[in-house]
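Commentary on secondary and tertiary structure
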Amino acid sequence: MSGKLYVGLDVGGTAIKAGVCNEEGQLLHTFEGPTENEKGSDRVMANMARYARTVVEQMSASWDDVAGVGVGVPGFLDIQNGVLLTSPNLVLRNAPLTSYLTEQLGKPVLINNDANAAALGEAWAGAGRGVSDCVMYTLGTGVGGGIIVGGRVVVGFNAMAGELGHISIVPDLEAIQCGCGKKGCLETVSSATGIIRMAKDAVARGELSRLAHLETITAKDVIDLAKAGDETAARIVQRAAHYLGKSMALVSVVVNPQRFIIGGGVAKAGEYLFGLIREAYHKHALEAAAKGVEIVPAELGNNAGVVGAAGLILRS
């Protein structure tokens, strides 16, 4: 096989996804296996090494063709020393991932936050192709983020760069406490969880809305009703988009990206949501910083993390 191969691992609480990319970021093959979190940290790390080899074996490639292995993992990291300190979804604590995997695999290994890996995946081979500076928001249960400058992931002093969901943006009188312990974070209004919370609050206040007739409320329900003309649902979605666009305006005068990429389940709302975000962004952004800036949907879906993890070897 011509050209070097790059292996990426996207580690989750339930499953570990392994993928092989070429030098252009093309995803050639994937394999997914159980994390086996319940069997302890040694098993989880052993599975990471095993799945990395398995995905290469399955495509009948030689391990000698592999240039390195990247790992995207949720949690707080000491990236410089390759250690996963803590993770909300994994049993691993103070886990020396880089040294362990390097020893097991005999290849260079780099780790990074899973949101940063997803952002790098989009920048390398997805919606950020051809752009050296871009920022990705992932709208799901929370709001994740990743910042790419000069084609490389911005990590920061304590590996906390790109925590876009924790930009304090909601005014004090409207703010509620975030899961991080602070008040007014973007995540409290622009995530799926935030949208559901605002919908439930509206129903509890007795607002006239079709939301009140739903046995359970999802973010998709709120967005669908907003599109259909439900005033309460529309106000909730507009609020989520308003603060998202406003946060982008702040990011624009710090990083000045050419492109904002939005992924995650909430982003599937399509042009209805994107139009509201763009309107809010241009309302609040400095004109010179916003000139020519694009706000676009992500392209890689669930493959962004594994592609970006593979790209860590080339783009870190």
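Preceding this paragraph is the structure being described.
Read on for a plain summary of the structure. Quick caveat, the model's predicted, so the values are computed rather than measured.

**Thoughts on the sheet that holds strand S8 (residues 134-139)**
Read across the open sheet, the 5 strands follow the order S10-S9-S8-S11-S12; overall the sheet is mixed. Where the open sheet ends on each side, the last strands, each with one partner, are strand S10 (152-153) and strand S12 (294-297). Where S8 and strand S11 (residues 259-263) come together, 5 bridges link them in parallel fashion. Its bridge partner being in S11, Thr-138 is matched across the sheet by Gly-263. Relative to the sheet, helix H7 (residues 231-252) contacts S8, S11 and S12, its axis offset from that of S8 by approximately 155°. Sheet contacts for helix H8 (residues 271-284): S11 and S12; angle to S12, the most-contacted strand, approximately 160°.

**Digging into a nonpolar patch on the surface**
Together, Phe-76, Leu-85 and Met-160 line one region of the surface with nonpolar side chains, adding up to about 260 Å² of accessible area. By the secondary structure assignment, Leu-85 is in strand S6 (residues 83-86).

**Let's talk about the pairing of strand S9 (residues 143-149)**
The buried count for S9 comes to 5 of 7 residues, which makes it a mostly enclosed element. Joining the antiparallel neighbours S8 and S9 is a turn of 3 residues.

**Focus: the nonpolar core**
Among soluble globular proteins, nonpolar side chains are generally buried collectively. Counting residues in hydrophobic clusters, the biggest one holds 49 residues, and the most contacted among them are Tyr-137, Val-222, Met-248, Phe-260, Ile-262 and Tyr-281. Among the secondary structure elements, those contributing two or more residues to this core are S8, S9, helix H5 (192-204), helix H6 (219-227), H7, S11 and H8. Among the elements that take part in this core, H7 stands out by supplying 11 residues, more than any other. Once residues within four sequence positions are removed from consideration, Met-248 is found in contact with Tyr-137, Phe-260, Ile-262, Ile-277, Tyr-281 and Ile-295.

**Structural notes on the environment of Tyr-281**
Note that Tyr-281 resides in helix H8. For Tyr-281, a relative accessible area of 0% translates into the label buried. Through-space distance from the C-alpha of Tyr-281 to that of Ser-247 is 7.9 Å; in sequence the pair is 34 residues apart. Ignoring sequence-local partners within four residues, the contact set of Tyr-281 consists of Gly-245, Met-248, Ala-249, Ser-252, Phe-260, Ala-289, Ala-290, Val-293 and Ile-295.

**Notes on the sheet that holds strand S1 (residues 5-11)**
Pairing is mixed in the open sheet, where 5 strands are placed in the order S3-S2-S1-S4-S7. With partners counted over all chains shown, the strands left at the sheet margins are strand S3 (27-34) and strand S7 (109-113), one partner each. With direction set aside, neighbouring strand axes in the sheet form an average angle of 20°. As judged from the 5 bridges shared by strand S4 (residues 66-73) and S7, these two strands associate in the parallel manner. Within the sheet, the bridge partner assigned to Val-69 lies in S7 and is Val-109.

What counts and how
- Residues numbered from 1 in each chain as written.
- Predicted model: local features only at pLDDT ≥ 70, side-chain atom pairs only at ≥ 80, totals over all residues.
- Heavy atoms only, no water.
- Pairing = 2+ DSSP bridges.
- Helix = DSSP H or I, 4+ residues; strand = E, 2+ residues; numbered from the N terminus.
- Contact = heavy atoms within 4.5 Å.
- Axes fitted to C-alpha atoms, helices over the stretch in contact; angles between N-to-C directions.
- Patch = residues over 30% accessible without salt bridge, like charges linked within 9 Å, V, L, I, M, F, W, Y side chains within 5 Å.
- Areas by Shrake-Rupley, 256 points an atom, 1.4 Å probe, with all protein chains shown as cover.
- Salt bridge = Lys/Arg side-chain N within 4 Å of Asp/Glu carboxyl O.
- Buried < 20%, exposed > 50% of the residue type's maximum accessible area, 1.4 Å probe, protein only.
- Core = buried A, V, L, I, M, F, W, Y, C linked by side-chain atoms within 4.5 Å.

In short, the description is geometric, and any link to function would need to be established separately.
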